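Now for the letters of each chain:
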Amino acid sequence: MNVTQHRLGVIGAGTMGNGIAHVFARAGFDVVLYEVNQLALDRGMATIRTNLDREAAKGKIDPAEVPAIHARLRPTLKLRDLGNCTLVVEAATERLAVKQQIFRELDALLAPEGILATNTSSISITKLAGGTTRPDQVIGMHFFNPVPIMSLVEVVRGLQTSDATYETVRLLALEAGKSPVAVNDAAGFVSNRVLMPLINEAIFAVMEGVATAEAVDEIFRLGMAHPMGPLTLADFIGLDVCLDIMRVLEDGLGDPKYRPCPLLVRMVDAGWLGRKSGQGFYTYPVKL
């Protein structure tokens, strides 16, 4: 793939969006990064600068390349600035209605050959594609957090996703230094269909007094060689995101075993969302 032939867009400058923009720009692509408000956009760009400087300090990239990577990033508050992108990756909140609205707007904005990708971790690609005039050019690109470090990208094909769209996205992921793995469309795909019930059951263990959060995590670190326990991971992902995904699994698969733990629901209701709020199963310093 010749990177000069592709201009990429990213919707959302949050944790996942700024990471996706980072890896694309680092790989040589011109990237338009869109957000709905200036504060969120500024935070996203600041995170990219910090992470690039950290990579340069660790020798993972040549420090001389950093200015050129920055130059390939165009932050914007205007959705129309994505109009000439050949592919846009949506990384907005994990809510179907939000994503459907974004896809309708992008569908009307992009050239007919433009590809619409989503970083959704659980929502149906087929359902998102059904609200567009180009369902064969809609696909999932599920990156993993932290995006600049994690290699995997689940490439999720909807019912109508074409072979050409899949192959373009697969090559794009490779060009960005990632390892694409093909997955068919189903609630939660593979990663979250397996991971989220594990996290949910760990929360049940805490709610029912089987063990403390610290003990549950220690068992998984020491007994299963997990780099972090499921409750630390849940705080890292965001408890609101975990809850959204469990509800998608419950609705999409129709099995009561995917019922979200009541403790998870209560914590989200209380605003205890994990690292990003400063309080989850553990307490964290809040970044201002």
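Residues numbered from 1 in each chain as written. Predicted model: local features only at pLDDT ≥ 70, side-chain atom pairs only at ≥ 80, totals over all residues. Heavy atoms only, no water.

Caption draft 1: Representation of the overall build of the protein chain. When helices and strands are counted, the protein chain shows 11 helices and 8 strands. The globule rule puts the C-alpha radius of gyration for 288 residues at 19 Å, and the 19 Å found for the protein chain is close to it. With the C-alpha coordinates aligned to their principal axes, the bounding extent of the protein chain is approximately 55 × 45 × 35 Å. Here the protein chain, with 288 residues, has 49% of them falling under the buried criterion. The contacts of the protein chain with a sequence gap of at least 6 include a subset with a gap of at least 24, amounting to 67%. Here the protein chain has roughly 13,400 Å² of accessible surface; of this, 56% comes from carbon and sulfur atoms. Computed over 28 positive and 31 negative side-chain charges, the inter-centroid distance for the protein chain is 3 Å. (Helix = DSSP H or I, 4+ residues; strand = E, 2+ residues; numbered from the N terminus. Rg over C-alpha atoms; globule rule 2.2 N^0.38 Å. Buried < 20%, exposed > 50% of the residue type's maximum accessible area, 1.4 Å probe, protein only. Contact = heavy atoms within 4.5 Å. Areas by Shrake-Rupley, 256 points an atom, 1.4 Å probe, with all protein chains shown as cover. Lys, Arg positive; Asp, Glu negative; His and termini not counted. Charge placed at Lys NZ, Arg CZ, Asp CG, Glu CD.)

Caption draft 2: Main features of the pairing of strand S8 (residues 179-184). Strand direction decides the pairing type here: strand S7 (residues 152-157) and S8, joined by 6 bridges, are parallel. Looking at S8, one finds that Leu-152 is bridged to Ser-179. Crossover connection from S7 via helix H6 (residues 163-175) to parallel S8: handedness right-handed. (Pairing = 2+ DSSP bridges. Right-handed = clockwise from strand over helix to strand, strands pointing away.)

Caption draft 3: Looking closely at the pairing of strand S6 (residues 138-143). A large share of S6 lies buried, amounting to 6 of its 6 residues. On S6, burial covers both faces: Val-138, Gly-140 and His-142 on one face and Ile-139, Met-141 and Phe-143 on the other are all buried. By the bridge criterion, 3 bridges tie strand S5 (residues 115-118) to S6 in an arrangement that is parallel. Each bridged residue has a counterpart across the sheet, and for Ala-117 the counterpart in S6 is Ile-139. Taken together, S5, helix H5 (residues 125-130) and S6 constitute a β-α-β crossover, and its handedness is right-handed. In the sheet, S6 pairs with S7 via 5 bridges, with the strands oriented antiparallel. By the bridge assignment for S7, His-142 is matched with Glu-154.

Caption draft 4: Looking closely at the packing of aromatic side chains. Inspection of the entire model under this criterion finds 2 aromatic pairs. Ring geometry for Phe-24 versus Phe-29: centroids 5.9 Å apart, planes at 70 degrees, classification edge-to-face. Phe-24 gets classed as buried once you look at its relative accessible area, which sits at 0%. Owing to a relative accessible area of 0%, Phe-29 belongs among the buried residues under this scheme. Ring plane angle 90 degrees and centroid distance 6.1 Å describe the contact between Phe-24 and Phe-143, whose orientation is recorded as edge-to-face. Here the residue Phe-24 occupies a position in helix H1 (residues 15-26), and Phe-143 occupies one in strand S6, the gap between them amounting to 119 residues. (Phe/Tyr/Trp six-rings, centres within 6.5 Å; stacked < 30°, edge-to-face > 60°.)

All we've got here are geometric facts, nothing functional implied.
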